[in-house]
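# Structure at a glance
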Amino acid sequence: MSAYKEIAWNGIWKQNTILAQVLGLCPLLAVSSNLVNAVSLGLATIVVMLLSNFAISALRALIPYEIRIPVFILIIAALVTVIDLAFNAFLHDLYLVLGIFIPLIVTNCIVLARVEAFAAKNGLRAATLDGLMMGVGFVWVIALLGAVREFIGQGTLFAGIEMIFPSLSGIQILPEDYPGFLIAMLPPGAFFVLGLLIAGRNWLDARANQRLREKRLHDQPPAPNTVAA
Amino acid sequence: MTEPIEIARRESSVLRISVRTAAIMLAFTMAFTALMAGTYKATAPLVEASALAEKLRLIGEVLPPGTYDNDLLADAITLSPQASLGLDEDTRVWRARKNGAPVALVLEAAARDGYSGRISLILAITADGRLLAQRVTAHKETPGLGDYIDPKKDRNKTRPWITQFSNLGFDLVPREKWRVKKDGGRFDQMTGATISARAVTNASGRALAWTVENRNKLFTLQANSRFEESKP
């Protein structure tokens, strides 16, 4: 049980694909200009990571070590194509919104990274959970990035949500005549906000470590007979 | 000195491993290509049906279904690539008629000078030379910035940017005024995102001028025939 918990924690925080591994920046920066697009790409990424981790963990005994990378890429590309076609055929309305993001996922090296680092060496359940949790870690960071950029860039949140849920509409947070802040919508803004998020994570981690160290010092006054390491 | 038999055995085992690895790679490639081909075959009819429905919906947006009574999709001609429309591929022109009289043409055009890549348009142009309406069918303009050219993304829901062209012709807006205000014309653009608006405005002006010039030929050609450039 705790092994699964650790997989979840790794995906969401400790080895977060964006904040800790800083992988897959190309689609991340391209699509995170607003919250709805960001979450859409994130959800599509979860599906692909879940399925590719599952498929490769299931086939791992059949894949020779020397050619594992081309086979992984083949499997990921095939799965993404199948998902793209299936989405287009069976969930066409959603496809009109998410469709442009699905081919982008192939360019996301995080999928290949998790397959190589985890799915190829672990059982089905652990690998599938790892794909899901790495995806969840990706979603919350890209959602935060999208929200910050949309808020600073155009003063709204959830703009474009009516394309997914026609009954809802975006929220204008800053006054209607807010002129917008162009650089937040363009790639440099994405780098600035991402840099701040990574710095924030490092600061939180450093603070937690500091606390832990202080607590240890406080709880355990220097013992006379130290246990040999 | 190594025995010749030993060398031969080693070489044959290297060869065997290579062949085996190649065979496995080939097997994976074939299996997953088959998976993709199978999915493609299985989904193609559905995908085509939704593409057609999407096209009909877009045609319906620029040309109200009540304004014509012919079978629009059957009364179409193929257009060879037209530089004035920004097109480098064959497209279709649909011809709307009422009681046999020409009503409007629905055609595609493209702007090549957007902020990022091609902007594809569909336009309905009446027989008397008015731009009934136009819509952006595909674009890659910056989300949240230049994408207001698509009314689905336009934050002004009551009067999206693209609707200001409706029912205008060169009799109401002179050709040289068919530009965005920043270029001395009469069409609005959003501050900070002029390029997308300028590209759409100029493309629609060129498309309207071209259609007005060629409308007789476009209406009179046999259905399903091909429009070729008349003069060099």
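Quick look at the structure, then. (Residues numbered from 1 in each chain as written. Chains lettered and ligands numbered in written order. Predicted model: local features only at pLDDT ≥ 70, side-chain atom pairs only at ≥ 80, totals over all residues.)

## Describing the interface of chain A and chain B
Taken together, the contact pairs 27 residues of chain A with 22 residues of chain B. For the side of chain A that touches chain B, the secondary structure elements donating two or more residues are helix H4 (68-90), helix H8 (124-154) and helix H9 (182-185) of chain A. In terms of residue count, H4 of chain A provides more of the side of chain A that touches chain B than any other element does, eleven residues in total. Each residue belonging to the side of chain A that touches chain B can be placed in one class, and the counts come to 15 nonpolar, ten polar and two charged. (Contact = placed C-beta atoms within 7 Å. Helix = DSSP H or I, 4+ residues; strand = E, 2+ residues; numbered from the N terminus. Nonpolar A, V, L, I, M, F, W, Y, C, P; charged D, E, K, R; others polar.)

## Some remarks on the pairing of strand S1 (residues 76-79) of chain B
Residues and elements named next belong to chain B. A one-sided burial pattern is seen for S1, the buried positions being Ile 77 and Leu 79 and the unburied ones Ala 76 and Thr 78. When S1 meets strand S2 (residues 91-98), the two strands line up antiparallel, connected through four bridges. Opposite Leu 79, over in S2, you have Thr 91 as the bridge partner. (Buried ≥ 20, exposed ≤ 12 C-beta atoms within 10 Å, placed from the backbone. Pairing = 2+ DSSP bridges.)

## Some points on helix H1 (residues 4-62) of chain B
All names here are of chain B. With 59 residues, H1 extends 81 Å from end C-alpha to end C-alpha; this agrees with the ideal 87 Å at 1.5 Å per step. At Thr 43, H1 shows its largest bend, some 50 degrees, and a proline, Pro 45, comes one to four positions later. For H1, the buried fraction is low: three of the 59 residues fall into the buried class. Buried within H1 we find Phe 28, Phe 32 and Val 62. (Expected span 1.5 Å × (residues − 1). Bend = angle between axes of the 7 residues up to and from the residue.)

## As for the packing of helix H1 (residues 2-14) of chain A against H8 of chain A
Residue and element names in this part refer to chain A. Axis separation between H1 and H8 bottoms out at 7 Å; the angle between their running directions is 30 degrees. Regarding the angle of H1 to H8, the classification is roughly parallel. When you trace H1 past H8, the crossing you get is right-handed. Across the interface between the two elements, Tyr 4, Ile 7, Ala 8, Gly 11 and Ile 12 from H1 touch Ala 126, Leu 129, Asp 130, Met 133, Met 134, Val 136 and Gly 137 from H8. Tallied by class, the residues present in the contact of H1 with H8 amount to nine nonpolar, two polar and one charged. (Axes fitted to C-alpha atoms, helices over the stretch in contact; angles between N-to-C directions. Parallel < 35°, antiparallel > 145°, perpendicular 65-115°, else oblique. Left-handed = near helix turned anticlockwise from the far one by under 90°.)

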